[in-house]
Amino acid sequence: MSGQQTSPPPPPIEIGRVWDLLKGNEITALDDEESTSFDNAARIVRFSSDSRKIIIGCTNDRVFIWDWQNHDVPLKSVTLPAVRTVEITCDGNMTYTCSEDATVCQIDLGSLKVSTVCQGRIPVVITPDGKAILFRKVSDNSLIYYEFSTDSVVAYIEGHPDASIITAIDITTDGKLVLSGSSSGTISLVDLKSSNVVQTFGVTEAGVGIRLVSVLSDVAHFVFVDEGNRVVLRTFNNKEAELVLDQPAVKVTCITTHSGKYVFLGCENGELLLFDIYATQYKYNHQAHSEAVSQVKSNPTGFLHLLVSGSASGRVTLWCVSKTVPPLWSQIWSHDNVYPHLIADVAFVPHSEDIVIGSCYDSKVS
């Protein structure tokens, strides 16, 4: 026979098998066609609550549901709003997944409806001098301080309840204190030099978790946004009093303050909201991005409202906002796709014209 003989293609890899551990034999397996559906992306498997289905999470954005006892039912799949499933748990007919960026989704195994329970993002903040970052360590819920130039790492225990996780972080303008909020609604203030917990606040009046925190430049007040989308002002010398500043109809995704008086809120619909915390009627909105605003920070030393915003698609924009009534919004520059993912944090570097930008997906900072 002339010509070069070609080797047959390798058989498809079988991803799913079910074994009887007591008898030591295989009970069933996915067929060849179903196995190729995973495209070598399968990462984690869990049985449903009644053990009748097997849930398979992948390194991409898909989750497969396998009715392993019924061969007449085809393999089903759903698409999640985040990639790389790291954990799966089941409760009755509901399955919950946690992705690499801490997005938690609920899957109804009957209807295959996917709902986002918690929009993921590991809280991270860049120090005012731009030399280090603070972020939550997922494994033990401590705060990690990482210095860029020396690669030094320091862990801080924030004093939140054991059953909660740190969901929000901010740092004072002098870089000495870090404020954090938790999923249980507690708030804690820690001294970075001594590692001591300086002050703690009990569960908020609404009794829900904290999503965002921001310390005012006077270091006497702070603002937080809770799971109910309430924007609340509190003081450090009064652990009980709360003043609800606003409750926007659109979900607030990020927050920053300016000159101890103004608050900027980034929203899921791409808007930036500006209002005076001492005159709540002074409130204006501006359509800053076509997608969700993922981060916003003001220049702490500037007389003007100079702020930088980042979006869910990786876009970064520098704004100048006048203090006139109504305010005038001017775009100074804008860059698309700074990162291919969500902008996790931005910060103005003191005594320079530099801005630090970070993405938590690839642990990148520029």
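Per chain, residues are indexed from 1 in the order of the written sequence. Under the rules for a predicted model, residues below a pLDDT of 70 receive no local features and side-chain atom pairs below 80 are neither given nor counted, while totals for whole chains, interfaces and linings still include all residues. As a rule here, side-chain values come from all non-hydrogen atoms in the structure, and water together with hydrogens is ignored.

Undergrad: Would you mind going over the overall build of the chain with me for this structure?
TA: Secondary structure elements are taken from DSSP: a helix is a run of H or I of four residues or more, a strand is a run of E of two residues or more, and numbering for both begins at the N terminus. Along its length, the chain carries one helix and 33 strands. Relative accessible area decides the class of each residue, using a 1.4 Å probe on protein chains only: under 20% of the type maximum gives buried, over 50% gives exposed, and in between gives partly exposed. The proportion of buried residues among the 366 residues of the chain is 47%. Contacts spanning at least 24 positions in sequence make up 35% of the contacts within the chain whose residues lie at least 6 apart. Throughout, a residue-residue contact means that at least one pair of heavy atoms, one from each residue, lies within 4.5 Å.

Undergrad: For this particular structure, what's the right way to read the environment of L243?
TA: Tracing the backbone through its elements, the reader meets L243 in strand 22 (residues 238-246). Remark: the alpha-carbon pair of L243 and I277, spanning 34 residues in sequence, is separated by 9.8 Å. Once you skip the residues sitting within four places of it in the chain, L243 turns out to touch V231, V232 and L233.

Undergrad: What am I meant to see in the nonpolar core here?
TA: The nonpolar side chains of a soluble globular protein tend to be buried, and buried together. Ranked by size, the top nonpolar core spans 15 residues in total, and within it V223 and L265 carry the most contacts. Contributing elements (two or more residues each) for this core: strand 20 (221-226), strand 21 (231-235), strand 23 (252-258), strand 24 (262-267) and strand 25 (271-276). Ranked by the residues each element gives to this core, the list is headed by strand 24, at three residues. Those residues within four positions of V223 in sequence are excluded, and the remaining contacts are L212, V213, S214, L216, V231, V232, L233, L245, I255 and V263. Side-chain atoms within 4.5 Å link the members of a nonpolar core, which is a set of buried Ala, Val, Leu, Ile, Met, Phe, Trp, Tyr and Cys residues. Of all hydrophobic cores here, the second largest spans 13 residues; its members include I187, L189, F222 and F224.

Undergrad: How should the packing of aromatic side chains be read in this particular structure?
TA: The geometry of two aromatic rings is summed up by the distance between their centres and the angle between their planes. Each Phe, Tyr or Trp ring (for Trp, its six-membered ring) is paired with any other whose centre lies within 6.5 Å, and the angle between the two planes then decides the class: stacked below 30 degrees, edge-to-face above 60, tilted in between. Following the criterion strictly, the structure yields seven aromatic pairs and no others. Relative to W68, the ring of F47 has its centre 6.2 Å away and its plane inclined at 75°; by these criteria the two rings are edge-to-face. Within this pair, whereas F47 is found in strand 3 (residues 42-47), its partner W68 is found in the loop between strand 5 (62-66) and strand 6 (76-79), the two being separated by 21 residues in sequence. Assessed through its relative accessible area of 12%, W68 is described here as buried. Relative to F236, the ring of F201 lies with its centre 6.2 Å away and its plane at 55°, an arrangement referred to as tilted. Within this pair, whereas F201 is found in strand 18 (residues 197-201), its partner F236 is found in the loop between strand 21 and strand 22, the two being separated by 35 residues in sequence. Across this residue pair, the class does not change: F201 and F236 are buried.

Undergrad: When you look at the pattern of salt bridges in this model, what are you seeing that I'm missing?
TA: Side chains bearing opposite charge may pair, as long as their charged atoms lie close to each other. Salt bridges are identified by distance alone: a Lys or Arg side-chain nitrogen within 4 Å of an Asp or Glu carboxyl oxygen. Tallied over the full model, the rule gives seven salt bridges. For R230, the salt bridge identified is with E242, shortest N-O distance 3.4 Å. Taken together, the positions of R230 in the loop between strand 20 and strand 21 and E242 in strand 22 put the pair twelve residues apart, joining distant regions of the chain. Using a relative accessible area of 13% as the deciding quantity, one classes R230 as buried. Overall, the relative accessible area of 16% leaves E242 in the buried class. Across the pair D276 and K261 runs a salt bridge, and its minimum N-O distance is 3.5 Å. Highlighted residues: D276 in strand 25 and K261 in the loop between strand 23 and strand 24, separated in sequence by 15 residues. A single salt-bridge network, built from bridges that share partners, covers D226, R230, R234 and E242.

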